[in-house]
Every structure is written in C-alpha cells, then in structure tokens.
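# Breakdown of the fold
What follows is each chain in one-letter form.
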Amino acid sequence: DLARAASSPALACSWCPQHLVVMAAGAAADPVRVMFLCLGNICRSPTAEYVFRKRAEAAGLKVKVASSGTASYHVGDSAYGAMVAAARAKGYDMSPHAAQQIAAEHFEEFDLIIAMDSSNLSDAKRRFGARAEKKLRLFLRDYAPECGTTDTPDPYYERNFGTVVDLVEKGSDGLIAAILAGKEPPRG
C-alpha cells in the first residue's frame, strides 16, 4: 500500500517522484557533505551553511554542512552582526558560527564545495587545481538560475542582508532538489 511504502525507504519505488524524499533520506547511510565558500566566511557562506542545513533536514536529508572563506583575515570570528540579524528574522540561528579558511583537506572531507560568487570560485580553482574542480559549484548559477544572477551579492559591502537570505533560500531549495533528483553530489 502507498502509505506503507512512503514510510519505508526499502519499500518505496525508485521511479515515483513522490517517493524521492523517502529514497534520498533513507537509502544512503552517509550524509551529503556540503561546504559553502565566500571571501571572509562571515556573511554569505555561513548564511548558506545555516539556511541549507535547516531546509535540508526539513526535507529529510542527512547532511554535514560547513562553510569557509578563501581569505584568512576573519578566521575565528563570528558571523557579521547585521547578517546574523537578517537570518534570525527569517528563523535561522547563526550564533554558533566561527569563520575558517578553506584548506586542501576540505576537498577530501566534502562532496561539494559551493562558491557564493565567481571570484571565490576562480580563487579556489586556481589554488586547489584540477582535482578540486569536480567538486566545485557556483551557488546561484547552478541551483537558482531563475534569480537572474550568477553571484550572490556581498552584503558586507552592498548592505542588502535580507536580499541575501532570500537568494540563499532559493539556492538552497535548488540544491536540495538536485540532491533529491540524484544530480548531486558527483559520483565516482
């Protein structure tokens, strides 16, 4: 029966769209491991970390999520206060965040490393080489093309913190859909 199948990943059909969430959440023992990347790791990437984690878990996905920056000047800092406030206004708690810089071992630890803008994507490709490219993505271009921009704007300079939360929600939903459809993370 349909209700029994929907509650049991082992019984859910592999072709039926209404069971994709059940299959994705129950079929894999290992969580999907995602790291978001921006410049200083105090605004955009930590917002994506906390928004994506909350939305992915609500969708029934097992996830391991973190964020980092390409630059080191904010290592150890909390997320930027105005960004924390904008996220909190939409129900996301970023208070546990401490900034870190991306490192080579992150490419072993995470399935996907998702840059918030083209500049940080280029920096990561240049710094970590061809072996890292398979795991690198550009957040809005790859998961929310309907937003009409490839780069998540930097609210530290543009002061558009609420808009960034909205864009991150859209990108997170697109990433969740890609995971549930089996398009992400890369295999093999």
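All of the points below concern the structure found in this document. Note that this is a predicted model, so its numbers are computed, not measured.

## Things to note about helix α6 (residues 118-128)
Within the span of α6, buried status applies to Asn120, Leu121, Ala124 and Phe128. One side of α6 holds all its buried residues, which, seen down the axis, span an arc of 105°. For α6, the side-chain oxygen to backbone nitrogen distance between the N-cap and Ser119 is 3.3 Å, and the N-cap itself is Asp117. Count one or two residues on from α6 and you reach Gly129, which has phi positive near 75°.

## A closer look at the packing of aromatic side chains
In the structure shown here, the tally under the stated rule is 6 aromatic pairs. A ring pair is formed by Phe36 and Phe52, whose centres lie 5.7 Å apart and whose planes are at 65°; its orientation type is edge-to-face. You can see Phe36 sitting in strand β1 (residues 32-38) and its partner Phe52 sitting in helix α3 (residues 44-58), a full 16 residues away along the chain. The class for Phe36 is buried, based on a relative accessible area of 0%. A residue is classified by how much of its surface remains accessible, and Phe52, at 0% relative accessible area, is buried. Centre to centre, the rings of Tyr80 and Tyr156 are 5.1 Å apart; their planes meet at 65°, and the pair counts as edge-to-face.

## Remarks on the state of the cysteines
On inspection of all chains with the given rule, the structure shows 0 disulfides. We note that Cys38 lacks a disulfide partner, and the nearest cysteine sulfur, in Cys43, lies 7.1 Å from it. Residue Cys38 is classed as buried on the basis of its relative accessible area, which comes to 3%.

How each quantity is defined
Residues numbered from 1 in each chain as written. Predicted model: local features only at pLDDT ≥ 70, side-chain atom pairs only at ≥ 80, totals over all residues. Heavy atoms only, no water. Buried < 20%, exposed > 50% of the residue type's maximum accessible area, 1.4 Å probe, protein only. Helix = DSSP H or I, 4+ residues; strand = E, 2+ residues; numbered from the N terminus. Arc of directions from axis to C-beta. Polar contact = N/O pair within 3.5 Å; in protein donor to acceptor, adjacent residues only side chain to side chain. Phe/Tyr/Trp six-rings, centres within 6.5 Å; stacked < 30°, edge-to-face > 60°. Disulfide = S-S within 2.5 Å.

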